[in-house]
Amino acid sequence: MKRLALLFLVASALTGCNAVSKGSRLSNRPMDSGGVYLTTGDAPKRFRTVGFVQVRGYGVEVAGYADVGDAQLDGTIKGAMVREALRLNGHGVIHIEFEDENPSSDVERAQGLANSFSNLSTGKGGVETKDRYVSATGEVIQFLE
Amino acid sequence: MLVRRGVPAVLVAWMAASSCTAVDTARLPTYARPGDVFVTQESVRTPYESLGLVQVTRKGVRLFGFADPAGTDLEAAMQEVVPEVRRAGADGLMNARVEMSQLTLAGKLLGLLFFFVPVPSTVVVSGELVRLKGPVTPPLPQAPQPTGAPL
């Protein structure tokens, strides 16, 4: 029993997990299109600040693979954050900082899928779900030119 | 008996005497050779094309305070980030943010003392992938302007 516990300890330490979260492209510099200007950097021309916005997107990961709700970088930044910027009559959001708070690694996703199949086939429980959170902050600006 | 009492006493004394500063460093590509990419915490002010956002998260546990077999330090995270930049076809990552759990020497010694409790450890690196337009030169930070009266 002790050996088993030790083996589990070592195995869990060695199998560190690595998760990569990706979001689609933001705005280019210089500006080349309409719409709300989004960047993690600074503004490409003169501006005034009209406010700050912080969004915490919530969603659910279903069976390891399907994401429902705002818990992806795109849903939070290009959805909820842009809506708030437009509500403040902003032309853009600069200095965007983001964090995918609890991303799943490929192994965890595969495990969620396998557990869901196992639960459904044995009739013991349903599809496995996991709460997901993505937070983002930014400075809402209006261009002066 | 003396040894059993002595070892924890030495550990406690070492902890008390140790500094509370934890240091982690990571070496980055120099951007001096073809194919090198840059990672910077600054904004790029030359024209660029945004290729998206990326966040790399490494999670694991520390064993016995000092051992980090899963590689959850800054260097390991950077080794994950650089291939992601290349895979996206970007020249670099701007406005990089780093967040990691750091253990001071005292914390590591506590981990050694309570060796049966693995300590969770995480490192997160995030930023915006960009491809520079025009001549590709590294976005070197500007040299600080001299202040005060000339000598």
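K.L.:
Explanation requested: the overall build of chain A in the structure shown.
P.N.:
Of regular secondary structure, chain A possesses 3 helices and 6 strands. Sequence-ordered secondary structure for chain A, helices as α and strands as β, is α-β-β-β-β-α-β-α-β. Of all 145 residues assigned to chain A, the portion counted as buried reaches 32%. Sequence-distant contacts, at least 24 apart, represent 77% of the contacts inside chain A between residues at least 6 apart.

K.L.:
What's the story with the sheet that holds strand 3 (residues 47–62) of chain A in this structure? I'm lost.
P.N.:
Note: strands within a sheet are paired through backbone hydrogen bonds, in either parallel or antiparallel orientation. Residues and elements named next belong to chain A. Pairing is mixed across the open sheet formed by 5 strands, whose spatial order is 2-5-6-3-4. Looking at the sheet topology across the chains shown, the edges are occupied by strand 2 (37–38) and strand 4 (66–69). Across 4 bridges, strand 3 lies against strand 4 in antiparallel orientation. Among the inter-strand pairings, G59 is bridged to a residue of strand 4, identified as G69. The strands touched by helix 2 (residues 73–87) are strand 2, strand 3, strand 5 (92–100) and strand 6 (129–143); relative to strand 3, the strand with the most contacts, the crossing angle is about 140°.

K.L.:
What exactly am I supposed to notice about the nonpolar core here?
P.N.:
One recurring pattern in soluble globular proteins: nonpolar side chains tend to sit buried together. The biggest cluster of nonpolar side chains holds 43 residues, and the ones touching the most others in it are A:M81, A:V93 and B:V125. Residue contacts for A:M81: discarding those within four places in its chain leaves A:V53, A:V55, A:T76, A:V93, A:A136 and A:G138.

K.L.:
Would you take a moment to explain the pairing of strand 5 of chain A for this structure?
P.N.:
Each regular strand displays side chains that alternate between the two surfaces of the sheet. All names here are of chain A. Burial runs high along strand 5: 7 of the 9 residues are buried. Strand direction decides the pairing type here: strand 2 and strand 5, joined by 2 bridges, are parallel. Along strand 5, the bridge assignment pairs Y37 with G92.

K.L.:
Teacher, can you tell me more about the interface of chain A and chain B here?
P.N.:
Taken together, the contacts link 28 residues of chain A with 31 residues of chain B. Among the elements that line the side of chain A that touches chain B, the one with the most residues is strand 1 (residues 17–23) of chain A, at 7 residues. Here the residues of the side of chain A that touches chain B sort into 11 nonpolar, 10 polar and 7 charged. Direction of pairing for strand 1 of chain A relative to strand 2 (residues 48–62) of chain B: antiparallel, over a ladder of 7 bridges. If you follow A:C17 over to strand 2 of chain B, its bridge partner there is B:K59.

K.L.:
What should I look at first to understand the sheet that holds strand 4 (residues 119–132) of chain B in this one?
P.N.:
Across the sheet, 5 strands lie side by side as 1(A)-2(B)-4(B)-3(B)-1(B); this open sheet has mixed pairing. Either end of the sheet is taken by a strand with one partner, and the two such strands are strand 1 of chain A together with strand 1 (38–39) of chain B. As judged from the 14 bridges shared by strand 2 of chain B and strand 4 of chain B, these two strands associate in the antiparallel manner. Considered in strand 4 of chain B, the bridge of B:K59 is made with B:T122.

K.L.:
Sorry, what's going on with unusual backbone geometry here?
P.N.:
Residues apart from glycine generally show negative phi values, whereas peptide bonds are mostly found in trans. Residues and elements named next belong to chain A. Cis rather than trans, the peptide bond between R29 and P30 has omega equal to 0°. Of note, P30 is situated in the loop between strand 1 and strand 2. For A63, which is not glycine, the phi torsion reads 55° and is therefore positive. The exposure class assigned to A63 is partly exposed, which follows from the 19 C-beta atoms found within 10 Å. The phi dihedral of H95 falls on the positive side, at around 50°, and the residue is not glycine. Relative to the helices and strands, H95 is located in strand 5.

K.L.:
Help me understand the confidence of the model for chain B in this model?
P.N.:
Low pLDDT means the predicted atomic positions in that stretch should not be read closely. Put simply, chain B has an average pLDDT of 79, and 75% of its residues get 70 or more. The ipTM for the predicted assembly is 0.81, set against a pTM of 0.78.

K.L.:
Please explain the confidence of the model for chain A as it appears in this structure.
P.N.:
Overall, the prediction assigns chain A a mean pLDDT of 86, with 89% of residues at 70 or greater. Taken element by element, the predicted model of chain A shows its lowest mean pLDDT in helix 1 (residues 2–14) of chain A (55) and its highest in strand 2 of chain A (96).

K.L.:
Sorry if this is basic, but what is going on with helix 3 (residues 106–122) of chain A here?
P.N.:
Between its terminal C-alpha atoms helix 3 of chain A stretches 24 Å, which fits the 24 Å expected from 17 residues at 1.5 Å a residue. Immediately beyond the C-terminal end of helix 3 of chain A, within one or two residues, lies A:G123, with a positive phi of roughly 75°.

Reading the values: rules and limits
Residues numbered from 1 in each chain as written. Chains lettered and ligands numbered in written order. Predicted model: local features only at pLDDT ≥ 70, side-chain atom pairs only at ≥ 80, totals over all residues. Helix = DSSP H or I, 4+ residues; strand = E, 2+ residues; numbered from the N terminus. Buried ≥ 20, exposed ≤ 12 C-beta atoms within 10 Å, placed from the backbone. Contact = placed C-beta atoms within 7 Å. Pairing = 2+ DSSP bridges. Axes fitted to C-alpha atoms, helices over the stretch in contact; angles between N-to-C directions. Core = buried A, V, L, I, M, F, W, Y, C linked by C-beta atoms within 7 Å. Nonpolar A, V, L, I, M, F, W, Y, C, P; charged D, E, K, R; others polar. pLDDT = per-residue confidence, 0-100. Expected span 1.5 Å × (residues − 1).

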